[in-house]
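Spelled out, the chains give:
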Amino acid sequence: MLVNLNKVLSYTKVKKFGVGMFNGLSADFYEGLIDAAEQLRCPIIIGVADRFVDRLDFEMIAEVMIFLAKRASVPVCVHLDHAKSLKNIIRAIKAGFTSVMFDGSSLPFEENIQKTKEIVEIAHSVGVSVEGELGVVGRGDWDFKNPEFYTKPEEAEIFAAQTNVDALAVAIGTVHGVYKGEPRLDFERLSEIRKRVDCYLVLHGGSGLSDDDFKKCIEYGINKVNIFTDLTLAINSQLPEFVSKTEDLTPAIFERIREIVKKEAIKKLKVFGSYDIV
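Residue indices begin from 1 for each chain and proceed along its sequence in written order. A pLDDT threshold of at least 70 governs which residues receive local features in this predicted model, and a stricter bar of 80 or more applies before side-chain atom pairs are shown or counted, although totals over entire chains, interfaces and linings include all residues. Hydrogens and waters are ignored; side-chain quantities use all the structure's heavy atoms.

Per an unreviewed UniProt entry, the recorded name for the protein chain is Ketose-bisphosphate aldolase, and the organism is Caldicellulosiruptor obsidiansis.

Written out as structure tokens, the structure is:
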């Protein structure tokens, strides 16, 4: 069933677990993700990253995502990830997405608040949830020693109160993509942020963390965990051997992608404690 972000995350108020948000690129991805959620009986968020909007036929893939969500037997939220422009957010809302993320993390603090607030007002008027971001979640060569990149608890409190966002992505030491070195997560910072804000908290840059890291993040207040890189790494490592041994690749290759994504998603969802929820 198709629901918004608030609905899927509301289950974390009843049981402490992390809802998985998995970005995808095709129907095979999304079918595998929903298969995983249905097997584990848990809510799930399927998304597409803003950077792929202009590289895909966005309206077509949106129709696929929404169709699959509506026919699912578990709650499914359809989410636009890391949007930096109102244009693409409006496109997503018009296409039927039930959740959008405005990533104003590179903007000055006050401007981030102002633009996020405007998007919240627009999206909430049509029942769409909004995720904001504060702090910098970098990439593999991120400077862990720079305190300016981390989310400041006092700013998170102000940001959440003034924007009325449904969820807030925080920077506590994770990075997008593949890690270079060992992750250094600031759990004390996360705990302080959790004490100061009422909205749901989101962990970006989840790929590369250990199972214990994920569990501790959820214990300290994370409600939503984003995953994409680990899905693509699983496909990249497992698909070539399958292709080399399979004579008829149509439609076997698509089914194999679906199976790989499902298996990887199940692994992550179990770590997040996301099973036997619905």
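1. Description of the overall build of the protein chain
Summing up its helical and strand segments, the protein chain has 10 helices and nine strands in all. In terms of overall dimensions, the protein chain has a C-alpha envelope of 60 × 40 × 35 Å along the principal axes. Exposed residues in this analysis have more than 50% of their type's maximum accessible area, buried residues have under 20%, and partly exposed residues fall in between, with area computed by a 1.4 Å probe over protein chains only. Looking at the protein chain as a whole, 56% of its 278 residues are labelled buried. A 1.4 Å probe and the Shrake-Rupley method give the accessible areas. Residues count as covered only by the protein chains that appear here. Just so you have it, the protein chain exposes about 12300 Å², and 50% of that area is on carbon and sulfur atoms. By the counting scheme adopted, Arg and Lys are positive, Glu and Asp are negative, and His together with the chain ends is not counted. In plain terms, the charge of a residue is placed at NZ if it is Lys, CZ if Arg, CG if Asp and CD if Glu. Each charge class in the protein chain was averaged separately, 35 positive and 41 negative side chains, and the resulting centres sit 2 Å apart. A run of DSSP states H or I qualifies as a helix once it reaches four residues; a run of E qualifies as a strand once it reaches two. Both are numbered from the N-terminal end.

2. Here's the deal with the pattern of salt bridges
Between Lys or Arg on one side and Asp or Glu on the other, a salt bridge is scored when a side-chain nitrogen of the former is within 4 Å of a carboxyl oxygen of the latter. A full pass over the atoms with the stated rule returns 15 salt bridges. Between Arg-71 and Glu-31 there is a salt bridge, with its nearest N and O atoms 4.0 Å apart. With Arg-71 in helix 3 (residues 58-71) and Glu-31 in helix 2 (residues 27-40), this pair connects stretches of sequence that are 40 residues apart. In this structure Arg-71 comes out as exposed when scored by relative accessible area, which is 53%. It is possible to trace a salt-bridge network through shared partners that takes in Glu-31, Asp-35, Arg-71 and Arg-258.

3. Looking at the UniProt feature "binding site: Zn(2+) 2" (unreviewed entry) in the protein chain
UniProt marks Asp-103 and Glu-133 with the feature "binding site: Zn(2+) 2" (unreviewed entry), using the numbering shown here. Spanning 31 residues, the annotated positions come together in the fold, the maximum distance between their C-alpha atoms being 5.5 Å. When you line up the elements, Asp-103 lands in the loop between strand 5 (99-102) and helix 5 (109-124). Contacts are assigned to residue pairs with any non-hydrogen atoms lying within 4.5 Å of each other. Residues contacting Asp-103, with those up to four places away along its chain left out, are His-82, Ala-83, Lys-84 and Glu-133. A polar atom in the side chain of Asp-103 sits 2.9 Å from the side chain of His-82. Structurally, Glu-133 can be placed in strand 6 (residues 129-134). Setting aside residues up to four positions removed in sequence, Glu-133 forms contacts with His-82, Met-101, Phe-102, Asp-103, Gly-104, Ser-105, Asn-112, Phe-159, Leu-168 and Ala-169. UniProt positions are given in the numbering used here, feature names are shortened, and annotations may be inferred rather than shown by experiment. Here a polar contact is taken to be a pair of N or O atoms separated by no more than 3.5 Å, where protein atoms must pair a possible hydrogen donor with a possible acceptor and residues adjacent in sequence count only if both atoms sit in side chains.

4. Details of the environment of Val-137
The residue Val-137 is located in the loop between strand 6 and helix 6 (153-163) in this model. For Val-137, a relative accessible area of 9% corresponds to the buried category. The spatial distance from the C-alpha of Val-137 to the C-alpha of Thr-174 is 6.2 Å, given a sequence separation of 37 residues.

5. Considerations on the packing of helix 2 against helix 10 (residues 252-271)
It is the contact of helix 2 with helix 10, at a shortest axis distance of 7 Å, that shows an interaxial angle of 45°. In terms of orientation, helix 2 lies oblique with respect to helix 10. Where helix 2 crosses over helix 10, the handedness of that crossing is right-handed. Of helix 10, the residues touching helix 2 (which contributes Asp-28, Phe-29, Glu-31, Gly-32, Leu-33, Asp-35, Ala-36, Ala-37, Gln-39 and Leu-40) are Phe-254, Ile-257, Arg-258, Val-261, Lys-262, Ala-265, Ile-266, Leu-269 and Lys-270. Nonpolar residues are Ala, Val, Leu, Ile, Met, Phe, Trp, Tyr, Cys and Pro. Charged residues are Asp, Glu, Lys and Arg, and all others, Gly as well, are polar. In the contact of helix 2 with helix 10, the residues fall into 11 nonpolar, two polar and six charged. Whenever a helix is involved, its axis is fitted only over the stretch in contact; in every case the axis is a line through C-alpha atoms, and angles between N-to-C directions fall within 0 to 180 degrees. Oblique is the label for any angle not under 35 degrees, not over 145, and not in the 65 to 115 range, which are roughly parallel, roughly antiparallel and roughly perpendicular in turn. Helix crossings are classified by the rotation of the near helix relative to the far one: an anticlockwise turn of less than a right angle makes the crossing left-handed, while a clockwise turn makes it right-handed.

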